[in-house]
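Chain residues, written in single-letter form:
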Amino acid sequence: MTYEAPPLPYAHEALEPVIDAETMRLHHDKHHQAYVDAVNKAIADQPGLQGKTIEDLLRGLDQVPETIRSTVRNNGGGHANHQLFWKIMAPPGQGGGGEPQGALAEQVVRDFGSFEGMRQAFEAAGARHFGSGWVFLVMDPRAKRLEILTLPNQDSVLLIGKPALLANDLWEHAYYLKHRNRRPEYLKAWWGVVNWRYVGERPQGIREGKKQL
Ligand code: MN
């Protein structure tokens, strides 16, 4: 079994004007595909690792031979992160944008004071992060609190055992064609494509052990 980049759940141009079609083409068809190809190549002669889900491969990173461990961490992480990223977005006005509803909305208010407070903290963490990486809204499974954190490179939250509800890509390939060097502008515009209906279903899926990605 080899890993595959799932097709986008919408057209390349569907996230315009927040994310342009050319960025989506390069990002999904080239960058994500390159991570998938590289992790497949790394485990091609490792029968003990083949057949594992990407979640299990990353959670069990310490069982991966040291010679390929960082390749698996970077490219397996890249596959996991992007797989989540495409799913939590939707076209603006057609599922993308707006606010969380129901239980998630209540938890956001409890942990951040308001939806606006959470958004500002998420944008600030993403803007502050040095270099490439990701900004996440995660669930701390012990404290049962929402938390915002960033990770470098293509590190996955699966490495730290904190399932993500939201993830935004801080690599320049995610925003540079349209937003150039203005990462904060991209982070602010990105709320217009967040699929809150799907994000709101994630906590239950995570509790039931289904939706890690
Ligand atoms: Mn990316």
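Residue numbers restart at each chain and count upward from 1, following the sequence in its written direction. Where totals are concerned, whole chains, interfaces and linings use all residues; where local detail is concerned, this predicted model gives features only for residues with pLDDT of at least 70, and gives and counts side-chain atom pairs only at 80 or more. Note that water and hydrogens are dropped before the side-chain values are worked out from all heavy atoms of the structure.

Enquirer: Describe in detail the overall build of the protein, supporting the description with residues and values.
Expert: Across its full length, the protein holds eight helices and three strands. When the helices and strands of the protein are listed from N to C terminus, the series reads α-α-α-α-α-β-β-β-α-α-α. Based on C-alpha atoms, the radius of gyration is set beside the globule rule, defined as 2.2 Å times the residue count to the power 0.38. What you see for the protein is a C-alpha radius of gyration of 17 Å, in line with the 17 Å of a compact globule of 213 residues. For the C-alpha atoms alone, the extent of the protein along its principal axes is close to 50 × 40 × 30 Å. Within the protein, buried positions represent 50% of all 213 residues. In the protein, of all internal contacts separated by at least 6 residues, the share reaching a separation of at least 24 is 67%. A total accessible area of about 10,100 Å² is found for the protein, and carbon and sulfur atoms account for 50% of it. Side-chain charges in the protein split into 25 positive and 25 negative, and the spacing between the mean points of these groups amounts to 4 Å. Segments assigned H or I by DSSP are reported as helices when at least four residues long, segments assigned E as strands when at least two residues long, and all are numbered from the N terminus. For the exposure calls, accessible area comes from a 1.4 Å probe over protein chains only, and a residue counts as buried if that area is under 20% of its type's maximum, exposed if over 50%, partly exposed in between. In what follows, residue pairs with any heavy atoms lying within 4.5 Å of each other are defined as contacts. All accessible areas in this document rest on Shrake-Rupley with a 1.4 Å probe, and a residue is counted as covered only by the protein chains that are shown. Only four residue types enter the charge count: Lys and Arg as positive, Asp and Glu as negative, with His and the chain ends excluded. Here the site of a charge means NZ on Lys, CZ on Arg, CG on Asp, or CD on Glu.

Enquirer: Outline the packing of aromatic side chains, supporting the account with residue identities and numerical values.
Expert: Pairs were defined over the aromatic rings of Phe, Tyr and Trp, the Trp ring being its six-membered one, requiring ring centres within 6.5 Å. Orientation was assigned from the angle between planes: stacked under 30 degrees, edge-to-face over 60, tilted for the rest. Overall, the coordinates contain twelve aromatic pairs when judged by the stated rule. Measuring from centroid to centroid gives 6.4 Å for Trp191 and Trp196, while their planes differ by 5°, and the two rings are stacked. Each member of the pair, Trp191 together with Trp196, is buried. Taken together, the ring pairs in this structure connect Phe85, Trp86, Phe115, Phe122, Trp134, Phe136, Trp190, Trp191 and Trp196 into an aromatic cluster.

Enquirer: Could you give an account of the sheet that holds strand β2 (residues 145-152), with specific residues and numbers?
Expert: Here, a strand pair is defined by DSSP locating no fewer than two bridges between the strands. Strand order in the open sheet made by the three strands is β2-β1-β3, with antiparallel pairing throughout. Sheet topology places β2 and β3 (164-169) at the edges, where each strand pairs with a single neighbour. Neighbouring strand axes in the sheet, compared pairwise and without regard to direction, differ in orientation by 15° on average. Relative to β2, strand β1 (residues 133-140) runs antiparallel, the two sharing eight bridges. To get an axis, a line is fitted to the C-alpha atoms, and for a helix only the part in contact is used. The angle between two axes follows their N-to-C directions and goes from 0 to 180 degrees.

Enquirer: Report on the pattern of salt bridges, specifying residues and quantitative values.
Expert: Here, a salt bridge means any side-chain nitrogen of Lys or Arg that lies within 4 Å of a carboxyl oxygen of Asp or Glu. Evaluation of the coordinates by the stated rule reveals nine salt bridges. In this structure, the salt-bridge partner of Arg119 is Glu116, at a minimum N-O distance of 2.8 Å. Taken together, the residues Arg119 and Glu116, both in helix α5 (residues 115-128) and three residues apart, mark about one turn of the helix. Residue Lys162 pairs with Glu147 through a salt bridge whose shortest N-O separation is 2.9 Å. Of this pair, Lys162 sits in the loop between β2 and β3 while Glu147 sits in strand β2, and the two are 15 residues apart along the sequence. Among the residues examined, Lys162 registers a relative accessible area of 16% and is labelled buried. According to the relative accessible area criterion, Glu147 is partly exposed, its value standing at 24%. Put simply, Asp140, Glu147 and Lys162 are held in one network by salt bridges that share partners.

Enquirer: Help me get a handle on the coordination of the manganese ion, residues and values and all.
Expert: Counted as donors are N, O and S atoms no farther than 2.8 Å from the metal, or 3.2 Å for Na, K and Ca; water is not among the atoms, and sites may therefore look incomplete. Protein-derived ligands of the manganese ion are His27 (NE2), His82 (NE2), Asp169 (OD) and His173 (NE2), with the metal-ligand distances lying across 2.0 to 2.1 Å. When the donor residues of the manganese ion are listed from N- to C-terminus, their spacing reads H-x54-H-x86-D-x3-H. Here Asp169 lies in strand β3 and His82 lies in helix α3 (residues 66-87), a separation of 87 residues in the sequence.

Enquirer: Pulling in residues and values, what's your account of the nonpolar core?
Expert: Nonpolar cores are built from buried Ala, Val, Leu, Ile, Met, Phe, Trp, Tyr and Cys residues. Side-chain atoms within 4.5 Å join them into one set. In this structure, Met89, Met118, Phe122, Phe136, Leu166, Trp190 and Trp196 are the most contacted members of the largest nonpolar core, which totals 44 residues. Of all the elements in the fold, those that place two or more residues in this core are α3, α4 (102-112), α5, β1, β2, β3, α7 (183-189) and α8 (196-207). In terms of residues, this core owes the most to one element, β1, which gives five residues. Counting residues domain by domain, this core receives three or more from each of domain 1 (21-87) and domain 2 (102-207). With residues up to four places along the chain from it excluded, the contact list for Phe122 reads Val135, Phe136, Leu137, Ile148, Leu166, Asn168, Trp190 and Trp191. Counting 17 residues, the second-largest nonpolar core is a separate cluster that includes Ala5, Val39, Ile54 and Ile68. The split into domains, and so the bounds of each, comes from an automatic or database assignment of domains.

Interpretation in functional terms is not warranted from these geometric data alone.
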